[in-house]
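# Overview (structure and organization)
Residues per chain are reported as follows:
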Amino acid sequence: MIKVNDLPILIYDDFYSEQEYNSMWQELLFLKSKMQIQDKDNPLLKKNTGLLLDEIYPNRNISDILTCTRKIFHTDFIKKCKQQHYFFEYLGSSTRDKIKVNHYDNGDQYKKHNDLGTITCVTFFHSKPKEFEGGNLIFDNTIIECVANRIVLFPSILMHEVDKIKGTGRYSVTHFIT
């Protein structure tokens, strides 16, 4: 566990099985053409494309991303998170969640912001070997490297950013939990 401004950040590598990761990766590649510039009203804040999955899938069970990411609500995982910091008790009492997929290409970034919700969970995806530099998640002076199949959980109120991409192919699945 890392703390920034006394708030906990949890990092887990290789969170998904190889089969889960690959199925979500294939879905991300399929969805890339459907992703759009997200914040047209505030282009100075972010430059990337994305898509809220609950807006395109009428049933969560038809999406590998929407079904695999439910893994963060498994009792054993919640217990593991709560052992790290009591804040993650909220995972067990969540009543709603949304999932957004994002794609970053050369020059894309997401400047300092916080999220709406209680907990944010970001999962990094990219081809191997990585075809870009940057794309790291930054909390103040703490840099969390963009590593495929790494999840990062943190309080949504915590200010964070994604540094500028040089190259192509950074994807993320962001889970907003309330």
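Residues numbered from 1 in each chain as written. Predicted model: local features only at pLDDT ≥ 70, side-chain atom pairs only at ≥ 80, totals over all residues. Heavy atoms only, no water.

### Overview of the side chain of His175
Here is the rule we go by: Strands are runs of DSSP state E lasting at least two residues, helices are runs of H or I lasting at least four, and both sets are numbered from the N terminus onward. Only protein chains enter the area calculation, which uses a 1.4 Å probe; residues under 20% of their type maximum are buried, those over 50% are exposed, and those in between are partly exposed.
Relative to the elements of secondary structure, His175 occurs in strand E14 (residues 166-177). Relative accessible area serves as the criterion here: at 2%, His175 is assigned to the buried category.

### Some details on the environment of Ser17
Note on placement: Ser17 falls in the loop between strand E2 (7-13) and helix H1 (18-31). A residue is classified by how much of its surface remains accessible, and Ser17, at 35% relative accessible area, is partly exposed. With 76 residues separating them in the primary sequence, Ser17 and Ser93 have C-alpha atoms 25 Å apart.

### Focus: the pairing of strand E8 (residues 119-125)
Short version of the rule: Think of it this way: DSSP has to see at least two bridges between two strands before they count as a pair.
Of all 7 residues that make up E8, 7 are buried, and the element is covered over most of its length. Burial along E8 is two-sided: the residues Ile119, Cys121, Thr123 and Phe125 and Thr120, Val122 and Phe124 are all buried. Note: E8 against strand E12 (residues 150-155), 5 bridges, orientation antiparallel. What sits directly across from Cys121, in E12, is Leu153. Both E8 and E14 contribute to a ladder of 7 bridges, which runs antiparallel.

### Re H1
An α-helical segment advances 3.6 residues per turn. Residues three or four places apart therefore align on the same side. So the rule is basically this: To estimate how far a helix should extend, the number of its residues minus one is multiplied by 1.5 Å. The criterion used for residue contact is that any of the two residues' heavy atoms lie within 4.5 Å.
Between its first and last C-alpha atoms H1 spans 20 Å; for 14 residues at 1.5 Å apiece the expected length is 20 Å, and the two agree. Looking at the buried side of H1, the elements it contacts are strand E5 (49-52), helix H2 (64-68), strand E6 (97-105), E8 and E14.

### A closer look at the packing of aromatic side chains
Rule in force here: Pairs were defined over the aromatic rings of Phe, Tyr and Trp, the Trp ring being its six-membered one, requiring ring centres within 6.5 Å. Orientation was assigned from the angle between planes: stacked under 30 degrees, edge-to-face over 60, tilted for the rest.
Enumeration according to the criterion identifies 8 aromatic pairs in this entry. Measuring from centroid to centroid gives 5.3 Å for Phe87 and Phe88, while their planes differ by 85°, and the two rings are edge-to-face. Accessibility classification places Phe87 together with Phe88 in one group, the buried group. Site record: aromatic cluster; members linked through ring pairs are Tyr12, Phe15, Tyr16 and Phe77.

### Comments concerning the environment of Cys121
For Cys121, the location among the structural elements is in strand E8. Classification of Cys121 as buried rests on a relative accessible area of 2%. In this structure, the C-alpha to C-alpha distance between Cys121 and Thr174, residues 53 residues apart in sequence, is 5.7 Å. With sequence-adjacent residues up to four places away left out, Cys121 is seen in contact with Ile72, Ile151, Val152, Leu153, Val173, Thr174 and His175.

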